[in-house]
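Okay, here's what each chain looks like letter by letter:
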Amino acid sequence: MEVLASSSLSPIFTKRNTINPNFSIQVKLFVSQPSKTLKASSFRYARPPRRIANPGLVFVCNRCWCLLERNDHRKFSGKIMMKSSVSFRKNLSVALVRLLSVLLVSSISVVTTDSPSWGLSEENLLFLEAWRTIDRAYIDKTFNGQSWFRYRESALRNEPMNNREETYMAIKKMIATLDDPFTRFLEPGKFQSLRSGTQGAVTGVGLSIGYPAASDGAAAGLVVISAAPGGPAYRAGVSQGDVILGIDNTTTETLTIYDAAQMLQGPEGSTVELAVRSGPETRVLSLTRERVSVNPVKARLCELPGSGSNSPKIGYIKLTTFNQNASGAVKEAIETLRGNNVNAFVLDLRDNSGGSFPEGIEIAKFWLDKGVIVYICDSRGVRDIYDTDGSNAIATSEPLAVLVNKGTASASEILAGALKDNKRALVYGEPTYGKGKIQSVFQLSDGSGLAVTVARYETPAHTDIDKVGVTPDHPLPKSFPKDEEAFCGCLKDPTAACYLNQGLLFSR
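Reading guide: rules and limits
- The residue numbers shown here count from 1 along each chain, following its written sequence.
- Predicted model: local features are reported for residues with pLDDT of at least 70 only, side-chain atom pairs are reported and counted for 80 or more only, and whole-chain, interface and lining totals are derived from all residues.
- To obtain the side-chain values, all non-hydrogen atoms of the structure were included, while hydrogens and water were left out.
- Helix and strand assignments come from DSSP, with helices taken as H or I runs of at least 4 residues and strands as E runs of at least 2, each series counted from the N terminus.
- With a 1.4 Å probe rolled over the protein chains alone, any residue whose accessible area is under 20% of its type maximum counts as buried; one over 50% counts as exposed, and the rest are partly exposed.
- Contacts are assigned to residue pairs with any non-hydrogen atoms lying within 4.5 Å of each other.
- Every accessible area reported is derived by Shrake-Rupley at a probe size of 1.4 Å, with residue values counting cover from the shown protein chains alone.
- Under this scheme, a helix contributes an axis fitted over its contacting stretch, all axes are lines through C-alpha atoms, and angles between N-to-C directions fall in the 0 to 180 degree range.
- Here the word oblique covers every angle except those under 35 degrees (roughly parallel), over 145 (roughly antiparallel) and from 65 to 115 (roughly perpendicular).
- Note: crossing handedness is left-handed where the near helix turns anticlockwise from the far helix by less than a right angle, and right-handed where it turns clockwise.
- Charged residues are taken to be Asp, Glu, Lys and Arg, nonpolar residues to be Ala, Val, Leu, Ile, Met, Phe, Trp, Tyr, Cys and Pro, and polar residues to be all remaining types, Gly included.
- Strands qualify as paired when DSSP identifies two bridges or more between them.
- When a carboxyl oxygen of Asp or Glu is within 4 Å of a side-chain nitrogen of Lys or Arg, the pair counts as a salt bridge.
- Within this scheme the basic residues Lys and Arg register as positive and the acidic residues Asp and Glu register as negative, but His and the chain ends are omitted.
- Side-chain atoms alone can form a polar contact between residues adjacent in sequence; in general such a contact is a pair of N or O atoms within 3.5 Å, and within protein one must be able to donate a hydrogen while the other accepts it.
- The criterion is simple. A nonpolar core is a set of buried Ala, Val, Leu, Ile, Met, Phe, Trp, Tyr and Cys residues joined through side-chain atoms within 4.5 Å.
- Residue ranges for the domains trace back to a domain assignment, done automatically or taken from a database.

A. Summary view of the overall build of the protein. When helices and strands are tallied, the protein shows twelve helices and 24 strands. Relative to its full complement of 508 residues, the protein shows a buried share of 48%. Across the protein, the fraction of contacts at a sequence separation of at least 24, relative to all contacts at a separation of at least 6, is 64%. If you sum the accessible surface of the protein, you get close to 24200 Å²; carbon and sulfur atoms cover 48% of it.

What follows is the structure in structure tokens.
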């Protein structure tokens with residue numbers, strides 16, 4: 001006996017799947033006596049569950065066991081089951097209507113897919129790769145209050161992705177909906193520059209930049225902290241204290257140091273145009289980017305006035321970035337200064353915009369004999385704790401002061417917050433930048449990349465410093481210098497405007 005039945009199923013949309021709205025189901029039933037399992041046309045052959053005795057005809061409707069029975073329908077484990085026998089023929093029309101009703105009411109997901117049913121181009125696939133990366137890694141699972149799945153479907157239908165440039169633009173537009181300045185797309189050249197910047201070398205012009213000091217008044221732009229010896233900027237005569245007014249015809253007045261650093265870096269051999277003010281003179285320089293080695297640490301021994309061998313000695317360490325050389329360079333500086341019998345340390349983190357998170361953790365361990373360094377949190381709360389048992393400590397007894405400013409960010413804030421909350425150091429300066437989020441970097445298949453916010457952090461006192469920063473214990477004199485030479489002078493000369501009494505520097 002052969003019976004044909006067909007029906008069109010309405011589309012059912014779930015978070016990660018779509019149903020083809022044009023799908024139609026057609027069932028052919030073959031009834032025989034005695035009962036035995038036969039193949040149902042258009043469906044795969046399936047063995048019935050062992051707990052079903054004498055099942056009769058069994059077939060599978062995609063995800064459903066369908067077992068025909070005379071006049072009743074039963075469900076086992078959430079799957080539709082019916083049983084067939086010879087007597088079923090008498091009630092065939094009734095059973096068939098019930099079968100179709102059960103199929104429709106239970107909303108069977110007959111065809112599912114993780115991507116639209118139309119053909120996907122290479123550009124579409126790159127967009128989907130970026131979408132999936134953010135979907136899996138991003139800290140905010142509400143995606144700034146939007147349906148991330150629906151955005152994907154809409155973008156694939158409506159955003160032009162006919163070439164790589166349009167695809168990059170579609171990815172950037174997608175990321176912009178998150179309203180997160182630290183989750184960003186990186187073209188292949190910028191992605192390589194970012195990677196090299198955490199590996200001890202940067203493809204750029206060899207400049208370390210920071211915000212103008214408060215004493216500079218209305219000074220606009222970004223200040224040069226240092227120019228790497230032998231680098232493109234150094235050879236062009238750019239020096240400490242110069243002000244960068246523009247980068248490639250973009251004013252720096254509204255740029256953060258992160259934006260400016262990204263614009264200064266780029267593929268080796270490419271050029272960048274800088275407007276630089278040196279005193280009253282303003283110059284426009286065209287510099288060719290090179291691979292510049294970055295030494296993240298400068299150290300100095302400051303010997304203060306005193307009597308003979310009892311003269312106070314201050315070990316000054318300036319850490320400019322957290323690249324893969326940072327912890328090793330800081331450790332070497334500490335050991336060298338301790339070998340000169342310093343009485344105290346000053347760790348200068350001003351205008352240090354961060355870098356490698358693990359390097360920041362390792363450096364914190366040098367100063368702490370025990371305690372929590374940072375709490376890592378996601379949308380559900382604390383997910384990880386970084387602490388130390390003192391096994392890596394090398395300088396836990398000497399007084400320590402940490403210098404910060406609004407250019408102190410990210411890994412620098414983690415380090416400053418850990419030393420402050422553990423009562424290991426006094427913090428001097430101004431509130432830090434307030435970057436309380438942690439990013440991971442992911443490479444896409446075409447060599448581009450994504451920096452994605454994957455977590456936030458809290459200091460050991462459970463302070464969330466995002467958009468607030470680490471609050472210092474004391475301010476610094478407005479004219480306090482940023483280089484190691486002038487620093488020593490401010491501790492030695494009581495008549496200097498920047499004078500800071502070394503006794504007060506380490507006193508609580």
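So that's the structure; there's more coming.
B. Structural context of the packing of helix α8 (residues 326–339) against helix α9 (residues 357–367). Between α8 and α9, the shortest axis-to-axis distance is 8 Å and the interhelical angle comes to 20°. With respect to their mutual orientation, α8 and α9 come out roughly parallel. Here α8 runs over α9; the crossing is right-handed. Listed contacts from α9 to A326, S327, V330, K331 and I334 of α8 are E359, E362, I363, F366 and W367. Residues that form the contact of α8 with α9 fall into these classes: six nonpolar, one polar and three charged.

C. Structural view of the pairing of strand β9 (residues 207–210). By the alternation rule, side chains of β9 split into L207 and I209 and S208 and G210, which are all buried. Direction of pairing for β9 relative to strand β10 (residues 222–227): antiparallel, over a ladder of four bridges. Bridge assignment links L207 to a residue of β10, and that residue is A227.

D. Molecular detail of the packing of α9 against helix α10 (residues 411–421). Relative to each other, α9 and α10 sit at 25°, their axes nearing to 9 Å. Classified by the angle their axes make, α9 and α10 are roughly parallel. Seen along the crossing, α9 lies across α10 with a hand that is right-handed. From α9, F357, G360, I361, I363, A364 and W367 reach across to α10, where they touch I414, L415 and L419.

E. Focus on the pattern of salt bridges. Tallying each qualifying case throughout the model produces 15 salt bridges. Its salt-bridge partner being E290, residue R235 comes within 2.6 Å of it at the nearest N-O pair. Taken together, the positions of R235 in helix α6 (residues 232–235) and E290 in strand β15 (residues 290–293) put the pair 55 residues apart, joining distant regions of the chain. Its relative accessible area of 27% is what places E290 among the partly exposed residues.

F. Region of interest: the side chain of R289. Checked against the element boundaries, R289 lands in the loop between β14 (281–288) and β15. For the buried residue R289, which engages in no salt bridge, the nearest side chain bearing the opposite charge is D248, 4.5 Å off. Among the polar contacts made by the side chain of R289, one reaches the main-chain carbonyl oxygen of L264 at a distance of 2.8 Å. A distance of 3.3 Å separates a polar side-chain atom of R289 from the backbone oxygen of Q265.

G. Region of interest: unusual backbone geometry. The backbone of N341 sits at a positive phi, close to 60°, despite the residue not being glycine. Non-glycine residue S410 carries a positive phi angle of around 60°. Along the polypeptide, S410 turns up in the loop between β21 (400–404) and α10.

H. Focus on the nonpolar core. Judged by nonpolar contacts, the single largest core of 67 residues is most densely connected at I134, W367 and V402. Residues lining this core come from more than one domain, with at least three contributed by each of domain 1 (122–179) and domain 3 (297–439 + 452–506). With sequence-adjacent residues up to four places away left out, W367 is seen in contact with I317, I334, F345, L347, A395, T396, L400, L419 and R424.

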